[in-house]
Amino acid sequence: MENLNFIDPLLHGITPETVGNKIPNLSVKHLVCAGVGSLIVGAALKKAGQNKAGAIVGSLALPLLASAFYKQISKKNKEKREINESSGIEYNY
């Protein structure tokens, strides 16, 4: 039988460091600029004769712009929800 000297670190309160694996919080402006830049670079590559590379770079534009649009809409909806939402304190007499 194998001698497995494994101790589960989560049982001892040791959590993995997430500094290196942290997902960056990109703003809507960054996503829009990346999407538009992807369109421009893709068009320039296609014009230069690099059709396959231009198609790959240009195809990144739609997901970037869609995620920027989703992020903007969700931010607006969250602000509206917070305005209409009450804490319930005003109804406690």
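Use the structure listed above.
This structure is a prediction, so every number in the text was calculated from the model and none was measured.

(A) How the structure looks around a positive patch on the surface. A cluster of basic side chains, namely Lys29, Lys75, Lys76 and Lys80, defines a positive patch on the protein surface. With three residues, the top contributor of residues to the positive patch is helix α3 (residues 61-84).

(B) Region of the structure containing the environment of Ser67. With respect to the secondary-structure elements, Ser67 resides in helix α3. The class of Ser67 is partly exposed, set by a relative accessible area of 30%.

(C) Quick peek at the packing of helix α1 (residues 28-47) against helix α2 (residues 51-59). Put simply, α1 and α2 touch, their axes get as near as 7 Å, and they point 170° apart. Here α1 lies roughly antiparallel to α2, going by the angle between them. Together, Ser38, Leu39, Val41, Gly42, Leu45 and Lys46 of α1 and Asn51, Ala53, Gly54, Ala55, Val57 and Gly58 of α2 make up the contact between the two elements. Each residue belonging to the contact of α1 with α2 can be placed in one class, and the counts come to six nonpolar, five polar and one charged.

About the criteria used
- Positions within a chain are numbered from 1, following the residues in the order the chain's sequence is written.
- Whole-chain, interface and lining totals are the exception, using all residues; otherwise, since this is a predicted model, local features are given only for residues with pLDDT of at least 70 and side-chain atom pairs are given and counted only at 80 or more.
- Think of the side-chain values as coming from all heavy atoms in the structure, minus any hydrogens and water.
- In this analysis, a patch consists of residues with relative accessible area above 30% that form no salt bridge, clustered at 9 Å for like charges and at 5 Å for the nonpolar side chains Val, Leu, Ile, Met, Phe, Trp and Tyr.
- Note on areas: these come from Shrake-Rupley sampling with a 1.4 Å probe, and a residue is covered only by the protein chains present in the view.
- In the sections that follow, a salt bridge refers to a side-chain nitrogen of Lys or Arg positioned within 4 Å of a carboxyl oxygen of Asp or Glu.
- Lys and Arg are tallied as positive, Asp and Glu as negative. Neither His nor the chain termini are counted.
- In plain terms, the charge of a residue is placed at NZ if it is Lys, CZ if Arg, CG if Asp and CD if Glu.
- The secondary structure listing takes helices from DSSP runs of H or I that are at least 4 residues long and strands from runs of E that are at least 2 residues long, numbered from the N terminus.
- Buried means the residue's accessible area, taken with a 1.4 Å probe over protein chains only, is under 20% of the maximum for its type, while exposed means over 50%, and partly exposed covers the values in between.
- Orientation is described by axes fitted as lines to C-alpha atoms, over the contacting stretch for helices, and by angles from 0 to 180 degrees between their N-to-C directions.
- In this scheme, roughly parallel covers angles under 35 degrees and roughly antiparallel covers those over 145, while 65 to 115 is roughly perpendicular and the rest are oblique.
- Note on contacts: a residue pair is in contact if any heavy atoms of the two residues lie within 4.5 Å.
- Note on residue classes: Ala, Val, Leu, Ile, Met, Phe, Trp, Tyr, Cys and Pro are nonpolar, Asp, Glu, Lys and Arg are charged, and everything else, Gly too, is polar.

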